[in-house]
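So the chains spell out like this:
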Number of protein chains: 2
Amino acid sequence: MSDKIFVFGHQKPDTDAIASSYGFSYLSNHRPNGALNTEVVALGTPNEETQFVLDYFGVEAPRVVTSAKEEGVDTVILTDHNEFQQSISDIEDVTIFGVVDHHRVANFNTAAPLFMTVEPVGSASSIVYRKFLEAGVELPKEVAGLLLSGLISDTLLLKSPTTHVTDHKVAKELAEIAGVNLEEYGLAMLKAGTNLANKSAEELIDIDAKTFELNGSKVRIAQVNTVDIPEVLERLVDLKAAINAAMQANGYDDFVFMITDIVNSNSEIVEVGSHADKVEAAFHFKLEDGHAFLEGAVSRKKQVVPQLTESFNN
Amino acid sequence: MSDKIFVFGHQKPDTDAIASSYGFSYLSNHRPNGALNTEVVALGTPNEETQFVLDYFGVEAPRVVTSAKEEGVDTVILTDHNEFQQSISDIEDVTIFGVVDHHRVANFNTAAPLFMTVEPVGSASSIVYRKFLEAGVELPKEVAGLLLSGLISDTLLLKSPTTHVTDHKVAKELAEIAGVNLEEYGLAMLKAGTNLANKSAEELIDIDAKTFELNGSKVRIAQVNTVDIPEVLERLVDLKAAINAAMQANGYDDFVFMITDIVNSNSEIVEVGSHADKVEAAFHFKLEDGHAFLEGAVSRKKQVVPQLTESFNN
């Protein structure tokens, strides 16, 4: 085993997963005191939005790995996630050196003390930016661009309720270093991720999907961004077939699919599985044909997962 | 429920548990931006070492609570621990606003994002001190004295392998603010905690004891500091009787009792329970009459828990 440390975001990486890991790896390697030998890797290929970001700032996508040990690495740093089922396949066999995250903490444990920073802010990239300031390490333009993109992506341009009061200043400062206009760049970037027409139903339900254990049930919660919810709902029969196949293949008890309108900040919720009653209770709505409109909901983390967690626990 | 937030360290509080919670509560209430309404409380009364510290710096012991909800509080901040079985009785029913800790992370989960800072440093007090610097909040003399004492206690005056390279500077700066001589004060303080003669066997095994779940087994690991290991071993029959009673009453599978010589930095390990083989394998020694000498071991966290965790997993 080498002394190299892998830095990576969660499976099915989104822009914040790629950006925060890229930025934190750069920072770790450039600390004036105690620089580490890290390599940023990813647990999957970039989605279209992330690819737009990487192309815009001229950064190559991190190489994809599925196991640390197979690569001769036994120490890792996680960004933008902590739950083991969202992490690298051999997470239980490696040493977790650090975590930088902005999610709930669950299904996570270590044998020894570690560096762990969790803050309830809009993106893991926001925390990484603050760590650059604390360490006094200069932030290159392209790293600033990635971190800004991670924040824009996770907060839908600072409109999601997950946006922290401090994120506005972070976005402004990062946009300046990256040399972009926040609003213009942000909208172009988000729209790059909403081109769903050329994707199969199987791909749609897998673009941004995470598995949660809710009171013993294995629940998959996926999300797509769009500018036209009805256009996506036209494909409901195909989507449900793909969801059913994924449930059978992976043993999910429920599959919750959020179709999020990034312009008007609403979502349509599709539920397939054995706990439709729990989903209805969580959101105080009635599913019709397995789906219902959830006004004002854009954040899986803040407006869906906690509500489902509570409902499943009742 | 009020908007008050409880700040507390672990059950069976030691000096770092009391000091870090006291300091972090003070800091939280005095932040120039976003001050909180917190109250420091404790999950038990101070031990003799901690009482020495509180008397020395003229600080009253935090009041003891056993439930947050019963006190009308539903939001908490944990210092110096994160594992639920070491926390307040209704930890699963309250909102965890934040965590400041220097232990492994295990048996911990939240429904929502939070503030969590874990660092592999010598004491939770070290982290709290750094947070004072970051926030730019002036550190009163008595708070500095408590934080210094938390660090001295957990690192046995910076001699334990849990001492982090940054802790020496922290200790020096805190001693200056507190107005004490580090070595003289530190030794006096540690010695105040080694007066075991007037304690019953039941009290000895409970002074600083934590419960761990190791591969499904419930393992109690207790520690006492002394300047004379043989003096403590003279009471072995009584100690084992007390241990057996505690195991029956609480369903522990094993009870590991560390008798630590704070001057020479060694420990005698007493094991009672069904996994003596695992304990022997963990420390590469042979128990005789249920106990064995472990050279150089002073840290439960670094020299006992990880070794037992690995051994129990094999």
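The residue count restarts for each chain, going from 1 along the sequence in the order it is written. Chain A is the first chain written and ligand 1 is the first ligand written, with later ones labelled in order. The predicted nature of this model means local features are confined to residues of pLDDT at least 70 and side-chain atom pairs, given and counted, to a pLDDT of 80 or more, with totals for whole chains, interfaces and linings taken over all residues. The side-chain values count all of the structure's non-hydrogen atoms but skip hydrogen atoms and water molecules.

**Student:** Explain the interface of chain A and chain B here, please?
**Tutor:** Many authors give the size of an interface as the accessible area that is lost as the parts come together. Only heavy atoms enter the contact rule, under which two residues are in contact if any of them lie within 4.5 Å. Listed as interface residues are 22 residues of chain A and, on the opposing side, 22 residues of chain B. The salt bridge criterion pairs a side-chain nitrogen of Lys or Arg with a carboxyl oxygen of Asp or Glu, the two atoms within 4 Å. Our count for the chain A to chain B interface comes out at zero salt bridges. Contacts described as polar in this section are N or O atom pairs within 3.5 Å, which, within protein, must combine one atom able to donate a hydrogen with one able to accept it, while residues neighboring in sequence count only if both atoms come from side chains. In this assembly, chain A and chain B are joined by four residue pairs in polar contact (both at pLDDT 80 or more). Strands here are runs of E lasting at least two residues and helices are runs of H or I lasting at least four, both read from the DSSP assignment and numbered beginning at the N terminus. With four residues, strand β5 (residues 115–118) of chain A is the single largest residue contributor to the side of chain A that touches chain B. Note on residue categories: nonpolar means Ala, Val, Leu, Ile, Met, Phe, Trp, Tyr, Cys or Pro, charged means Asp, Glu, Lys or Arg, and polar means any other residue, Gly included. Here the side of chain A that touches chain B is built from residues that sort into twelve nonpolar, six polar and four charged. As judged from the three bridges shared by β5(A) and strand β5 (residues 115–118) of chain B, these two strands associate in the antiparallel manner. Its bridge partner lying in β5(B), Met116(A) is registered against Val118(B). Any two strands between which DSSP finds at least two bridges are classified as paired.

**Student:** Which parts of the structure should I look at to understand the packing of helix α3 (residues 124–135) of chain B against helix α4 (residues 141–155) of chain B?
**Tutor:** The axes of two packed helices give the description: the angle between them and the distance between them. All names here are of chain B. Axis definition: a line fit to C-alpha positions, over the contact stretch in the case of helices; interaxial angles, taken between N-to-C directions, run 0 to 180 degrees. At a minimum axis distance of 8 Å, the contact between α3 and α4 shows a crossing angle of 145 degrees. Note on element contacts: α4 touches α3 through Val143, Leu147, Gly150 and Leu151, opposite Ser125, Ser126, Val128, Tyr129 and Phe132. Looking at the contact of α3 with α4 residue by residue, the class counts come to six nonpolar, three polar and no charged.

**Student:** Would you take a moment to explain the side chain of His81(A) for this structure?
**Tutor:** All names here are of chain A. The residue His81 is located in the loop between β3 (75–79) and β4 (95–101) in this model. In this structure His81 comes out as buried when scored by relative accessible area, which is 0%. Only 2.8 Å separates the side chain of His81 from the backbone oxygen of Thr79, close enough to count as a polar contact. The contact partners of His81, leaving out residues within four places of it in the chain, are Phe8, Gly9, His10, Gln86, Ser87, Val99, Asp101 and His103. Relative accessibility decides the category of a residue: with a 1.4 Å probe and only protein chains considered, values under 20% of the type maximum give buried, values over 50% give exposed, and everything between is partly exposed.

**Student:** Help me out: how do you make sense of the relation of the copies chain A and chain B in this one?
**Tutor:** Between the two chain copies there is a screw-like relation: a rotation about an axis and a shift along it. What sets the superposition is a least-squares fit of C-alpha atoms, and only residues with pLDDT of at least 70 in both copies go into it. Mapping chain A onto chain B is achieved by rotating through 180 degrees and translating by 0.0 Å along the same axis, at an RMSD of 0.0 Å. One copy is carried onto the other by what is essentially a two-fold rotation axis. Among all residues of chain A, the minimum C-alpha distance to the rotation axis is found for Thr117(A), at 2.4 Å. A shared interface surface links the copies, since 100% of the contact residues of chain A are contact residues in chain B too.

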